[in-house]
Amino acid sequence: MFRSLHMKLVLILVLLIVSVMAVVGTFLINSVSTFYLDSFRDQVQSVFTREMNRSLQQIVAGGGDEAALKQAVSAFAAPLGINSYRNYYILDSEGQYLTGSNDTLGAGLTRTSNIVTAMAGEIGQRGSAGDSVMDVAIPIDGGGERYIIYIADDKKEISDLSWRFFAIVMQAMMFGLLAAILLSFLLSRTIATPIERITEGARSIAAGNFDQQLGVQSSDEIGELTRSFNYMANTLKNTVGEVQSERDKLSTLFLHMTDGVAAFTPDGRLIHMNPATESLLGVRSEDDLAFDELFADLDMPDTDETAMRSFMTSEITRFGRVLSVTLAPYGALDGEGGVIAVLHDITEQRRLDDARREFVANVSHELRTPLTNIRSYTETLSDAAGELPIDTEKQFLGVISSESERMARIVTDLLTLSKLDYGRMDLRMTRFSLRDMLRNVANAMKFTAEDSGHELTVDTPDTLPHIVGDRERLEQVVVNILSNAVKYTPRGGHVRLSARELSGKRVRIMVEDDGVGIPKEDVPRLFERFYRVDKARSREAGGTGLGLAIAKEIIEQHGGKISLASEYGAGTTVTITLPADLPLPEEGQA
């Protein structure tokens, strides 16, 4: 029913009238209630001035009772607006009714919050438009005796007036709805007829008649839409010619591009192959090969609606060359189309990757040999203990210990990097206190910093949340960054470790120093593997150029980010942002 433009316009206008009248009615009713409440308070305040309250207190202090108070208040009944809806009552200090303008209502008087306030010695005049009554309670302290003058309005007058407003609004709404329905039918007819002509013209263009032209019968938006439709028809005619021209250009591009491109129908039949594909696969297009014959070790992707939004990339080997094959569906979602295969020769890239991995493995192997020698030398020194001078033994042991630690650290970094390359880094996810972890790291680095003459400060508030992650790996990252800060900060410098909780369930860890800093041109490359700003200085300090690269990989595996900002000669700041709400793996899962 409401799929018709006519009915939609009628419904919109009807809803508009109803909404406007509802808002106006609500506003008027609330305004009346607020006005009466303010008027009531103003009337009470205009009567019970300081002088009035003082005179009432004197009456009580002079021995006057509730009758005297009633007589004094009755003199102001007119200014107070006392009537059948509004009454005053004389209460004792405990809020019990004594006398008033309406004994019938006073006997069943309810103790309100304003009466309780007056019992405490203060004027009770709080209230809102939603309360059932408007009331003010005024305490009268005459020394030995205390009374409460209570003025209350049952708001019946406001309720009657609100219902009158409601009836007026409903009448206006009914007239508005009738006018809206009549006008909407007239308006919809004016709009829908030209649109129907445009719809017929669109169907004609869809059938291939690009010379379709519609007559412009008005200068309003509908007329502008008709002119735009005619312009679209001319543009489509030109576009079809341009598409054919672009198709010719693409054919030339595919013919001479270095990457291979092959197109297949959904059933795997070859419909296009450029010369680069023939060269990379060692086949000819004249052979009319199918997908399974060209890529026997690959599965052809589906070409349904879901698969149209994805692609697959695989690697194959042909004639000693490694080829990257990207398979992506193309065409319409109604079954027409097929699959395109893009081939890229990555033989050289793989050779470089293999060489790098081999280098890491070889270095790790080579470093284990001197480690064995150092351990043997340590055992020899232990056997000769007492025969060498003490200073000599301490010197040798210090050198051996330092070198062992340094070489073991290099081996650990290289093996870690190798695991990252091969995707074998398993994270042992647990929930732990970030604050405790950072303070443990700071305590472990405290003596190293003090030996270098640095001041290490830690700022980790107690409010830091517990996070889920591999605590050992995250400690490794923070220790590495703190070590760099200590190494490359001149003696007497300052290193600061801090952490904060951020919005969006994230935490931020920052390591700041006022060391030598890093040149601006080197900052973007600091997270590259084996990259060192000053190679001589890095080797002297024990650096390998792997620490930040490993740190970046570990942080990214936790779903976080790491960044570095530095000013040459002024210091460096490393910022780590981690999610604080990672799910904890279920028991039994890795």
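Whatever comes next refers back to the structure up there.
Every value quoted in this text rests on a predicted model; they were computed, and no experiment measured them. (Residues numbered from 1 in each chain as written. Predicted model: local features only at pLDDT ≥ 70, side-chain atom pairs only at ≥ 80, totals over all residues. Heavy atoms only, no water.)

Asks: Explain the overall build of the protein to me, please; I cannot follow it from the model alone.
Replies: Along the backbone of the protein there are 16 helices and 16 strands. Looking at the protein as a whole, 35% of its 590 residues qualify as buried. When contacts within the protein are restricted to residue pairs at least 6 apart in sequence, long-range pairs at least 24 apart make up 59% of them. Surface exposure of the protein reaches about 34600 Å², of which carbon and sulfur atoms provide 54%. (Helix = DSSP H or I, 4+ residues; strand = E, 2+ residues; numbered from the N terminus. Buried < 20%, exposed > 50% of the residue type's maximum accessible area, 1.4 Å probe, protein only. Contact = heavy atoms within 4.5 Å. Areas by Shrake-Rupley, 256 points an atom, 1.4 Å probe, with all protein chains shown as cover.)

Asks: Looking at this model, I keep getting lost on the layout of surface pockets. Mind explaining?
Replies: Gaps left between atoms are located by rolling a probe of water-molecule size over the structure's atoms. Here the second largest pocket defines a volume of roughly 250 Å³. Lining the second largest pocket are 15 residues, and of these Tyr89, Leu109, Val133, Ala152 and Asp154 sit closest to its centre. Of all the elements in the fold, those that place two or more residues in the lining of the second largest pocket are strand S1 (86–92) and strand S4 (146–153). For the lining of the second largest pocket, the leading source of residues is S4, giving three residues. Here the residues of the lining of the second largest pocket sort into seven nonpolar, six polar and two charged. (1 Å grid on protein atoms, 1.4 Å probe; cavity = no way out; pocket = protein on both sides within 12 Å on 5 of 7 lines; lining within 4 Å. Points joined across faces, edges and corners; volume = space filled by probe spheres on them. Nonpolar A, V, L, I, M, F, W, Y, C, P; charged D, E, K, R; others polar.)

Asks: Help me out: how do you make sense of the sheet that holds strand S3 (residues 134–141) in this one?
Replies: Strand pairing in a sheet relies on backbone hydrogen bonds, with the paired strands running either antiparallel or parallel. One open sheet holds the four strands; their spatial order is S2-S1-S4-S3, and the pairing between them is antiparallel. Strands at the two margins of the open sheet, each flanked by one partner only, are strand S2 (97–100) and S3. Neighbour-to-neighbour, the strand axes of the sheet open up by a mean angle of 25 degrees, direction not taken into account. Bridge count between S1 and S2: three bridges; the pairing is antiparallel. Paired with isoleucine 90 across the two strands is threonine 99, which belongs to S2. Contacting S3 and S4, helix H2 (residues 50–61) crosses the sheet at an angle of about 50 degrees to S3. Strands in contact with helix H3 (residues 66–74) are S1, S2 and S4; relative to S1, the strand with the most contacts, it is inclined by about 155 degrees. (Pairing = 2+ DSSP bridges. Axes fitted to C-alpha atoms, helices over the stretch in contact; angles between N-to-C directions.)

Asks: Is there a simple way to explain the environment of valine 20 in this structure?
Replies: Its place among the elements puts valine 20 in helix H1 (residues 5–47). Here the alpha-carbon distance between valine 20 and methionine 173, two residues 153 residues apart in the chain, equals 9.0 Å.

Asks: How should I be thinking about H3 in this particular structure?
Replies: What sets the pattern is the α-helix's 3.6 residues per turn: residues three or four places apart point alike. Every buried residue of H3 is listed here: Leu69, Ala72 and Val73. Seen from one end, H3 has its buried residues packed into an arc of 95 degrees, which puts them on one side. Of the surrounding secondary structure, the elements contacted by the buried residues of H3 are H2, helix H4 (77–80), S1 and S4. (Arc of directions from axis to C-beta.)

Asks: Explanation requested: the pairing of strand S5 (residues 260–264) in the structure shown.
Replies: Each regular strand shows side chains that alternate between the opposite faces of the sheet. Among the five residues of S5, five are classified as buried, and the element is accordingly described as predominantly covered. The alternating pattern of S5 places Gly260, Ala262 and Phe264 on one face and Val261 and Ala263 on the opposite face, and all of these are buried. As paired elements, S5 and strand S9 (residues 338–345) share five bridges and run antiparallel to each other. By the bridge assignment, valine 261 is partnered in S9 with valine 342. Pairing of S5 with strand S6 (residues 270–273), which is carried by three bridges, proceeds in the antiparallel orientation. Bridged to phenylalanine 264 within S6 is leucine 270. If you look at the hairpin formed by S5 and S6, you'll find five residues sitting between the two strands, and glycine 268 has a positive phi there, around 90 degrees.

Asks: Looking at this model, I keep getting lost on a nonpolar patch on the surface. Mind explaining?
Replies: On the surface, Leu16, Val20, Val24, Phe27 and Leu28 cluster together to form a nonpolar patch covering roughly 430 Å² of accessible area. Locating phenylalanine 27 in the fold gives a position in helix H1. (Patch = residues over 30% accessible without salt bridge, like charges linked within 9 Å, V, L, I, M, F, W, Y side chains within 5 Å. Salt bridge = Lys/Arg side-chain N within 4 Å of Asp/Glu carboxyl O.)

Asks: Explanation requested: the sheet that holds strand S11 (residues 455–459) in the structure shown.
Replies: With mixed pairing, five strands are arranged side by side in an open sheet as S11-S13-S14-S16-S15. Only two strands of the sheet have a single partner each, and these edge strands are S11 and strand S15 (561–567). Across the sheet, the mean angle from the axis of one strand to that of its neighbour is 10 degrees, orientation sign disregarded. Examined bridge by bridge, strand S13 (residues 494–502) and strand S14 (residues 506–513) share eight bridges and lie antiparallel to one another. Within the sheet, the bridge partner assigned to glutamate 501 lies in S14 and is valine 507. Along the sheet, helix H14 (residues 471–487) contacts S11, S13, S14, S15 and strand S16 (571–579); its crossing angle with S13, the most-contacted strand, is approximately 145 degrees. Those strands touched by helix H16 (residues 547–557) are S15 and S16, and its axis lies near 145 degrees from that of S15.

Asks: Would you take a moment to explain H14 for this structure?
Replies: Taking 1.5 Å per residue as the helical rise, H14 with its 17 residues ought to reach 24 Å, and the 24 Å between its terminal C-alpha atoms agrees with that figure. Measuring from the side-chain oxygen of the N-cap residue of H14 to the backbone nitrogen of glutamate 472 gives 3.2 Å; that N-cap residue is aspartate 470. (Expected span 1.5 Å × (residues − 1). Polar contact = N/O pair within 3.5 Å; in protein donor to acceptor, adjacent residues only side chain to side chain.)

Asks: Any chance you could explain the pairing of S13 here in plain terms?
Replies: One ladder, built from five bridges, connects S11 with S13; its direction is parallel. Across the sheet, valine 458 pairs through a bridge with leucine 497, a residue of S13. The loop that links S13 with its antiparallel partner S14 comprises three residues; one of these, glycine 504, has a positive phi angle of about 75 degrees.

Asks: In this structure, what is going on with the packing of H2 against H3? I would like to understand it.
Replies: Any two packed helices are characterised by the angle at which their axes cross and by the distance between the axes. Where H2 contacts H3, the two axes come as close as 9 Å, and the packing angle between them is 155 degrees. Between H2 and H3, the interaxial angle falls into the category roughly antiparallel. For the crossing formed where H2 meets H3, the hand is right-handed. Where H2 abuts H3, its residues Met52, Leu56, Ile59 and Val60 lie against Ala68, Leu69 and Ala72. Its residues placed into classes, the contact of H2 with H3 shows seven nonpolar, no polar and no charged. (Parallel < 35°, antiparallel > 145°, perpendicular 65-115°, else oblique. Left-handed = near helix turned anticlockwise from the far one by under 90°.)

Asks: I keep staring at the side chain of arginine 86 and nothing clicks. Help me out?
Replies: Mapped onto the fold, arginine 86 is located in strand S1. Within the structure, the side chain of arginine 86 is placed 2.9 Å from the side chain of aspartate 153, a separation counted as a polar contact. Excluding its chain neighbours within four sequence positions, the residues that come into contact with arginine 86 are Phe40, Gln43, Leu80, Gly81, Met134, Ile151, Ala152 and Asp153.

Shape is all these values report; function is a separate question.
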